[in-house]
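An overview of the molecular structure
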Amino acid sequence: SLNNGQTVLHPLIHKYQTHQSYKAATDPNRIAVLSPDMRRVRAKQQLAAQQRALLAEEERKERVKMERERKRVKSPEEERW
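Let me sum up the structure you'll find in this document. (Residues numbered from 1 in each chain as written. Predicted model: local features only at pLDDT ≥ 70, side-chain atom pairs only at ≥ 80, totals over all residues. Heavy atoms only, no water.)

**Details of the overall build of the chain**
- If you tally the helices and strands in the chain, you get three helices and zero strands.
- Start at the N end of the chain and walk to the C end: the helices and strands fall as α-α-α.
- With 81 residues in all, the chain has 1% of them scored as buried.
- Within the structure as shown, the chain displays about 8100 Å² of accessible surface, and the carbon and sulfur contribution to it stands at 60%. (Helix = DSSP H or I, 4+ residues; strand = E, 2+ residues; numbered from the N terminus. Buried < 20%, exposed > 50% of the residue type's maximum accessible area, 1.4 Å probe, protein only. Areas by Shrake-Rupley, 256 points an atom, 1.4 Å probe, with all protein chains shown as cover.)

Below, the structure is given as structure tokens:
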């Protein structure tokens, strides 16, 4: 009988907690405090991503260059050295 009572109460408690959580997460005062911090973190992430992209592009160019050199047919003079 006790177990049955928990089954009935549990969805109500869950619904209440979910509602409270949503209310807290969308509270304008809380968002006002978090927004600048969020923007700062996002800007830092963007900068890091741009740096990684530049590095990856340099590495890609270097690989292409090495691959081109490897596939190039060498003249007989070059092969002697």
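Let us keep going from here.
**Description of the pattern of salt bridges**
- Counting across every chain of the model gives five salt bridges.
- We note a salt bridge from R40 to D37, for which the minimum N-O separation is 2.5 Å. Highlighted residues: R40 and D37, both in helix α2 (residues 28–71), separated by three residues, approximately one helical turn.
- The class for D37 is partly exposed, based on a relative accessible area of 37%.
- Residues E67 and K71 are paired through a salt bridge, measuring 3.6 Å at the closest nitrogen-oxygen approach. Residue E67 and its partner K71 are both found in helix α2; the two are separated by four residues, about one turn of the helix.
- Three or more residues joined by partner-sharing salt bridges are found here, namely E67, R70 and K71. (Salt bridge = Lys/Arg side-chain N within 4 Å of Asp/Glu carboxyl O.)

**A few points about α2**
- For α2, which comprises 44 residues, the first-to-last C-alpha distance of 62 Å matches the rise-based estimate of 64 Å (1.5 Å per residue) to within 8%.
- At L34, α2 shows its largest bend, some 30 degrees, and a proline, P36, comes one to four positions later. (Expected span 1.5 Å × (residues − 1). Bend = angle between axes of the 7 residues up to and from the residue.)

**Things to note about the environment of T18**
- Structurally, T18 can be placed in helix α1 (residues 2–25).
- Look at T18 and you get partly exposed, because its relative accessible area is 41%.
- A polar atom in the side chain of T18 sits 2.7 Å from the backbone oxygen of H14. (Polar contact = N/O pair within 3.5 Å; in protein donor to acceptor, adjacent residues only side chain to side chain.)

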